[in-house]
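So you can see what is in the structure, the chains are spelled out below.
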Amino acid sequence: MSGSAGAPLRGDKVKGRGLVLILSSPSGAGKTTLTRAIANDGGWGLELSISVTTRQRRPSEIDGKHYNFIDQEAFQDLRARDDLLEWAEVHGNFYGTPRRPVEKALAAGRDMIFDIDYQGTRQVRSKLKDDVVTVFILPPSFAELRHRLERRAEDSPETIEKRLANARVEIQRWTEYDYVLVNDDLQDAFKALQAILSAERLKRTRRVGLSDFVDGLLAEADAQG
């Protein structure tokens, strides 16, 4: 998969504060795969937000790359110090996003991508407001969702059933998101995600230097007239 960072205006001189792209989905619908695909594509210049979690690490996961795995005492300490931009309890485990790295990146004009659930999305949107773009990923069918969870072979049958039960709750939150993608084909979903990011980066309201650029164009036009 490959992409382009879009169409910057004269070396991206009108680029202002960064944006936060949030992807959510039921477990198994593809948000993590899509998140890492676009984050690992250097052409898009997205920084991946690394969440902290109290759940056990899966065999395929690397601490500090997929999540920062911590115990509940450490997590509660972060909450008490207000060092989490968002946090949630999902499937009996706690997840959260450290605040400081995100605020530093946005202030420097860098874009970040989050892989979080609807509870976390609500919290981030309430705190960052216009900086946030949200995308919900749906599976093509519930049967396919079950198949993907079983094929992953990383959870017990009991855990899979719990995830499927929670999926019904999560899917009902789809109307809270700016964009909704059905992940029937990964390549098609990735292309749609690229289009969303390109459009959001080109929004007039995100390009804080655009007014000065237009003033310069008009002054040039007046000088030539």
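Residues numbered from 1 in each chain as written. Predicted model: local features only at pLDDT ≥ 70, side-chain atom pairs only at ≥ 80, totals over all residues. Heavy atoms only, no water.

The test is simple: UniProt positions are given in the numbering used here, feature names are shortened, and annotations may be inferred rather than shown by experiment.
As named in an unreviewed UniProt entry, the chain is Guanylate kinase, taken from Methylobacterium organophilum. Looking at the Catalytic activity (unreviewed entry) heading of the UniProt record, one finds this comment for the chain: "GMP + ATP = GDP + ADP". Of the comments in the UniProt record for the chain, the one headed Subcellular location (unreviewed entry) reads "Cytoplasm".

1. A look at helix α4 (residues 118–128)
Rules: Relative accessibility thresholds used throughout: buried, under 20% of the residue-type maximum; exposed, over 50%; partly exposed, between the two (1.4 Å probe, protein chains only). Going along the chain from the N terminus, every DSSP run of H or I of four or more residues is numbered as a helix, and every run of E of two or more is numbered as a strand. Note: the arc covers the axis-to-C-beta directions of the helix.
The set of residues buried in α4 consists of Tyr 118, Gly 120, Thr 121, Val 124 and Leu 128. Buried residues in α4, looked at end-on, bunch into an arc of 150°, giving them a common side. In the stretch just after α4, Lys 129 is the one whose phi turns positive, near 50°.

2. Thoughts on the pattern of salt bridges
Selection criterion: Here, a salt bridge means any side-chain nitrogen of Lys or Arg that lies within 4 Å of a carboxyl oxygen of Asp or Glu.
A full pass over the atoms with the stated rule returns 18 salt bridges. Between Arg 58 and Glu 61 there is a salt bridge, with its nearest N and O atoms 3.9 Å apart. As far as burial versus exposure is concerned, Arg 58 and Glu 61 are alike and both buried. Here Arg 81 and Asp 83 are joined by a salt bridge, their closest N and O atoms 2.9 Å apart. Its relative accessible area of 12% is what places Asp 83 among the buried residues. Sharing partners across several salt bridges, the network here consists of Asp 77, Arg 81, Asp 83 and Arg 100.

3. Some details on the environment of Arg 201
Among the secondary structure elements, Arg 201 is positioned in helix α7 (residues 186–201). Residue class for Arg 201 comes out buried when judged on its relative accessible area of 16%. Through-space distance from the C-alpha of Arg 201 to that of Asp 111 is 9.4 Å; in sequence the pair is 90 residues apart.

4. Examining the confidence of the model for the chain
The predicted coordinates should not be examined in detail at positions where pLDDT is low. The condition that has to hold: A score from 0 to 100, pLDDT tells how confident the predictor is in each residue. For this analysis, residues touch if any pair of their heavy atoms sits within 4.5 Å.
Summarising the model, the chain shows a mean pLDDT of 88, and 93% of its residues fall at 70 or more. Here residues 3–12 is a poorly scored stretch, pLDDT under 50, and it has 17 contacts once near neighbours within four places are set aside; other chains count.

5. As for the UniProt feature "domain: Guanylate kinase-like" (unreviewed entry) in the chain
UniProt's feature table lists "domain: Guanylate kinase-like" (unreviewed entry) at residues 18–198, given in the numbering used throughout. Between the C-alpha atoms that bound residues 18–198 there is a distance of 13 Å. The span itself is 43% helix and 23% strand.

6. Regarding α7
Applied cut-off: Expected helix span is taken as 1.5 Å per residue step, with the number of steps being one fewer than the number of residues.
Taking 1.5 Å per residue as the helical rise, α7 with its 16 residues ought to reach 22 Å, and the 23 Å between its terminal C-alpha atoms agrees with that figure. Restricting attention to buried positions, one finds in α7 the residues Ala 189, Phe 190, Leu 193, Gln 194, Ile 196, Leu 197, Glu 200 and Arg 201. For α7, the arc enclosing every buried residue in end-on projection is 160°, short of the 170-degree limit, so these residues lie on one face. The elements touched by buried residues of α7 are β1 (20–24), α1 (31–39), β2 (46–48), β7 (111–115), β8 (132–138) and β9 (179–182).

7. Considerations on the pairing of β8
So the rule is basically this: DSSP bridges decide pairing: two strands pair if at least two such bridges lie between them.
In terms of residue burial, β8 counts as a mostly covered element, since seven of its seven residues are buried. By the alternation rule, side chains of β8 split into Val 132, Thr 134, Phe 136 and Leu 138 and Val 133, Val 135 and Ile 137, which are all buried. Across five bridges, the pairing between β1 and β8 is parallel. Bridge pairing in β8 links Val 20 to Val 132. Across four bridges, the pairing between β8 and β9 is parallel. Pairing of Phe 136 across the sheet is with Val 180, part of β9.

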